[in-house]
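Observations on chain architecture
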Amino acid sequence: MTEQELSNAMKAYGDTVYRLALCRLQNAADAEDVYQDVFLRLLEQRAGRWDEEHLKAWLIRTALNRCADLGRLRRRRGTLSLEEVPDMARPADEAAAELWDAVGRLPENLRTAVHLFYGEGYESGEIGALLGIPAATVRSRLRRARAELRDLLGGFDDEESVSRADGSHPYARRAE
């Protein structure tokens, strides 16, 4: 199908496809996804010789099938309403919000390691397996991330300020 034929089909039947998807899915974002997917699939078809009725029927059937696919995906994975998401994503206090905002400013590789370690609770070996890197690299990234976070948040440079209540430094190496 040529771009001109696709453009003509979108003008003629785009509203029909969108309204059908919106009616079935009850969600504008999902309806837009279906619209886009249907017309991308049409672009891949050899529909140049189709008459108008065949084209319209194909678009409607494809839209219905795509809506059904999205419905099955929702049932399998489950969904949350937007009202539920902020409560889950909101940090417990203002200090935590500031910390996670600073984590968001880290480079991607450091941010990923921090999120998986502190946010998801994975160990460095597990993170290494997920990312396809050695566990030692994960630990190095976590160490660099902590240093960058200390700079971003205006932390202290002296070891006493970051020591634990029992007097031991959290990242000190044992003397050998």
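As a convention, each chain's residues are numbered from 1 in the sequence order in which they are written. Where local features are concerned, this predicted model is filtered to residues with pLDDT of at least 70; where side-chain atom pairs are given and counted, the filter is 80 or more; whole-chain, interface and lining totals use all residues. Each side-chain value is worked out from all heavy atoms of the structure, with water and hydrogens disregarded.

Attention now goes to the overall build of the chain. For the purposes of this entry, the term helix denotes a DSSP run of H or I that reaches at least four residues, the term strand denotes a run of E that reaches at least two, and both are numbered from the N terminus. Within the chain, the secondary structure is distributed over eight helices and zero strands. Order of helices (α) and strands (β) in the chain, N terminus to C terminus: α-α-α-α-α-α-α-α. Burial classification: accessible surface area is computed with a 1.4 Å probe over protein chains only, and a residue below 20% of its type maximum counts as buried, one above 50% as exposed, and the rest as partly exposed. Within the span of the chain, comprising 176 residues, buried residues form 23% of the whole. The long-range share in the chain, meaning contacts at least 24 apart out of those at least 6 apart in sequence, stands at 54%. Every residue pair with non-hydrogen atoms within 4.5 Å of one another is taken to be in contact.

Mean pLDDT over the chain works out to 78, with 78% of the residues at or above the 70 mark. Per-element averaging of pLDDT across the chain places helix α4 (residues 84–89) at the bottom with 49 and helix α8 (residues 135–152) at the top with 93. Throughout residues 158–176 the model reports pLDDT below 50, and contacts reaching past four residues in sequence, or to other chains, amount to eleven contacts. The predictor attaches a confidence to each residue, and that confidence, scored 0 to 100, is pLDDT.

Time to look at the packing of helix α1 (residues 3–25) against helix α2 (residues 28–44). Packing of α1 against α2 leaves a shortest axis separation of 8 Å and a crossing angle of 145 degrees. The two elements α1 and α2 cross, and the hand of that crossing is right-handed. Contact residues: L6, A9, M10, Y13, G14, V17, Y18, A21, L22 and L25 in α1; A28, D30, A31, E32, V34, Y35, V38, F39, L42 and L43 in α2. Axis lines are fitted through C-alpha atoms, for helices just across the contact stretch, and the angle between N-to-C directions can take any value from 0 to 180 degrees. By definition, any crossing whose near helix is turned counterclockwise from its far helix by less than a right angle is left-handed, and any crossing with a clockwise turn is right-handed.

Now for a nonpolar patch on the surface. The residues that make up patches have over 30% relative accessible area and no salt bridge, and they are joined within 9 Å when like-charged or within 5 Å when they are Val, Leu, Ile, Met, Phe, Trp or Tyr. To be clear on the numbers: accessible area is Shrake-Rupley with a 1.4 Å probe, and residue cover counts the displayed protein chains and nothing else. In the sections that follow, a salt bridge refers to a side-chain nitrogen of Lys or Arg positioned within 4 Å of a carboxyl oxygen of Asp or Glu. A contiguous nonpolar patch, built from L99, W100, Y118, L152 and L153 and spanning about 420 Å² of accessible area, is present on the exposed surface. Position of Y118 among the secondary structure elements: in helix α6 (residues 108–119). Under the relative-accessibility criterion, Y118 is labelled partly exposed at 42%.

Right, let's get into the pattern of salt bridges. In the structure shown here, the tally under the stated rule is four salt bridges. D37 is paired through a salt bridge with R66; the nearest N and O atoms lie 2.9 Å apart. You can see D37 sitting in helix α2 and its partner R66 sitting in helix α3 (residues 52–77), a full 29 residues away along the chain. On the basis of relative accessibility, which here comes to 19%, the residue D37 falls in the buried class. Ionic pairing is found between R72 and D69, a salt bridge with its closest N-O pair at 2.4 Å. Residue R72 and its partner D69 are located together in helix α3, separated by three residues, close to a single helical turn. Looking at R72, the relative accessible area reads 41%, which means it is partly exposed. One salt-bridge network, held together by shared partners, links D37, R41 and R66.

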